[in-house]
Amino acid sequence: MIVQATPGRTEQHETRAAPMASASRLEAIARGDKVASETHEALASEEGVLEIEQFDLWYGQAQALHDISMRIPKGKVTALVGPSGCGKSTLLRSVNRLNDLIDTVRIEGDMVLNGASIYGPGVDVIELRKRMGMVFQKSNPFPMSIYENVVYSLRIDGERNKKTLDEVCERSLRGAALWDEVKGRLQESALGLSGGQQQRLCIARAIAAEPEVLLMDEPCSALDPIATNKIEDLIEQLKGEYTILIVTHNMQQAARSSDYTAFMYLGRLIEYGPTDVIFQNPLLPETQDYVTGRFG
């Protein structure tokens, strides 16, 4: 095995192997061959909140994730991109163990959140999920008031102090850029909000618990362009205070909103690095092909 280092790149390959063209690399992955991923050197200097370590996942006999290893940097936005069915949402849902709800799921490897294993023996999954904020593709406000939606996580933890609840509600709605629009109607049903407002309410509900990681699964896919712009502006405001991991099919959104981008294909991590490099000068030709729309 030879290890060659070039600026911004660490590559391992067998001495007998010829350089692999984009098509042949993708064909090798489709055959089930093991193909090494490329992780840019910039990640090594980042403080990681979440470390994904040689993570594999199966649905029954079908393997959906293959040997995923990646660091999610603290206070940054990391986007997962790739064609439909490449494992983006499966990986995201593995972080807060939502896939545990599927009987046929089996995993190998681990994920480590701030030094503690997510999949270790004895992990309280309910407590783990309290450390994660989750925003789904389709907004899912609870059928209760705007106020009660926001403070829900505090209520279930037994918080009854009205001053504390009021402060968290206002702070979270301000954080979600929604306060000025709803401050006079906090006791009205959240179901009366527009789609974009409902999604920002779900973000307010997620950040009310002050999560260590905020997970977003296609948060703008059901929204119009104006509402999408508001969510993207919100993501920009939230990063730094929160670590955000987002799944998106929208290449322009990934380019605009994220600090790091991970390109996935058929359950494999192909290339992972700074977003500007991934979109302008990636290390691998298949990454270039995907981000420029040649396939996917």
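It should be emphasised that the depicted structure is a prediction, and the values quoted were computed from it without experimental measurement. (Residues numbered from 1 in each chain as written. Predicted model: local features only at pLDDT ≥ 70, side-chain atom pairs only at ≥ 80, totals over all residues. Heavy atoms only, no water.)

## Some details on the overall build of the chain
Argument step 1. Check the secondary structure of the chain and you find 12 helices and 13 strands.
Argument step 2. Since a compact globule built from 296 residues should have a radius of gyration of about 19 Å, the 20 Å found for the chain is in line with a globular shape.
Argument step 3. Overall, the chain is about 70 × 45 × 35 Å in size when its C-alpha atoms are taken along their principal axes.
Argument step 4. Of all 296 residues assigned to the chain, the portion counted as buried reaches 50%.
Argument step 5. Put simply, 68% of the contacts in the chain that link residues at least 6 apart link residues at least 24 apart.
Argument step 6. Carbon and sulfur atoms provide 49% of the accessible area of the chain, an area that totals close to 14000 Å².
Argument step 7. Of the charged side chains in the chain, 31 are positive and 41 negative; the average position of the first set lies 4 Å away from that of the second. (Helix = DSSP H or I, 4+ residues; strand = E, 2+ residues; numbered from the N terminus. Rg over C-alpha atoms; globule rule 2.2 N^0.38 Å. Buried < 20%, exposed > 50% of the residue type's maximum accessible area, 1.4 Å probe, protein only. Contact = heavy atoms within 4.5 Å. Areas by Shrake-Rupley, 256 points an atom, 1.4 Å probe, with all protein chains shown as cover. Lys, Arg positive; Asp, Glu negative; His and termini not counted. Charge placed at Lys NZ, Arg CZ, Asp CG, Glu CD.)

## Quick look at the sheet that holds strand β10 (residues 213-217)
Argument step 1. Pairing is mixed in the open sheet, where seven strands are placed in the order β3-β13-β12-β6-β11-β10-β9. Only two strands of the sheet have a single neighbouring strand rather than two, namely β3 (38-39) and β9 (132-135).
Argument step 2. Pairing of β3 with strand β13 (residues 268-274) involves two bridges; the strand directions are parallel. Across the sheet, the residue bridging to T39 is Y272, located in β13.
Argument step 3. Seen against the sheet, helix α2 (residues 88-95) touches β6 (77-81), β9, β10, β11 (243-247) and β12 (260-265) and runs at an angle of roughly 150° to β10.
Argument step 4. The strands touched by helix α9 (residues 225-238) are β6, β10 and β11; relative to β11, the strand with the most contacts, the crossing angle is about 150°. (Pairing = 2+ DSSP bridges. Axes fitted to C-alpha atoms, helices over the stretch in contact; angles between N-to-C directions.)

## Regarding the environment of D56
Argument step 1. You can see D56 is positioned in strand β4 (residues 48-59).
Argument step 2. Accessibility expressed as a relative area gives 13% for D56, which makes it buried.
Argument step 3. There is a polar contact of 3.1 Å between the side chain of D56 and the side chain of Q63.
Argument step 4. From its side chain, D56 meets the backbone nitrogen of D67 in a polar contact 2.7 Å long. (Polar contact = N/O pair within 3.5 Å; in protein donor to acceptor, adjacent residues only side chain to side chain.)

## Examining the sheet that holds β4
In a beta sheet, neighbouring strands are held together by backbone hydrogen bonds and run either parallel or antiparallel to one another.
Argument step 1. Pairing in this open sheet of four strands is antiparallel, and the strands run β5-β4-β7-β8 from one edge to the other. Every interior strand has two partners, whereas the edge strands, β5 (62-73) and β8 (116-117), have only one.

## A look at the layout of surface pockets
Argument step 1. Looking at the second largest pocket, its volume works out to about 620 Å³.
Argument step 2. Here the residues of the lining of the second largest pocket are counted per class, giving 12 nonpolar, four polar and four charged. (1 Å grid on protein atoms, 1.4 Å probe; cavity = no way out; pocket = protein on both sides within 12 Å on 5 of 7 lines; lining within 4 Å. Points joined across faces, edges and corners; volume = space filled by probe spheres on them. Nonpolar A, V, L, I, M, F, W, Y, C, P; charged D, E, K, R; others polar.)

## Considering the pairing of β11
Argument step 1. Most of β11 is tucked away, with five of its five residues classed as buried.
Argument step 2. Here β11 shows no split at all, with T243, L245 and V247 on one side and I244 and I246 on the other all buried.
Argument step 3. Of the strand pairs in this sheet, β6 and β11 are connected by four bridges, and their pairing is parallel. Of the residues in β11, the one forming a bridge with V77 is I244.

None of the figures reported here should be taken as evidence of function without further support.
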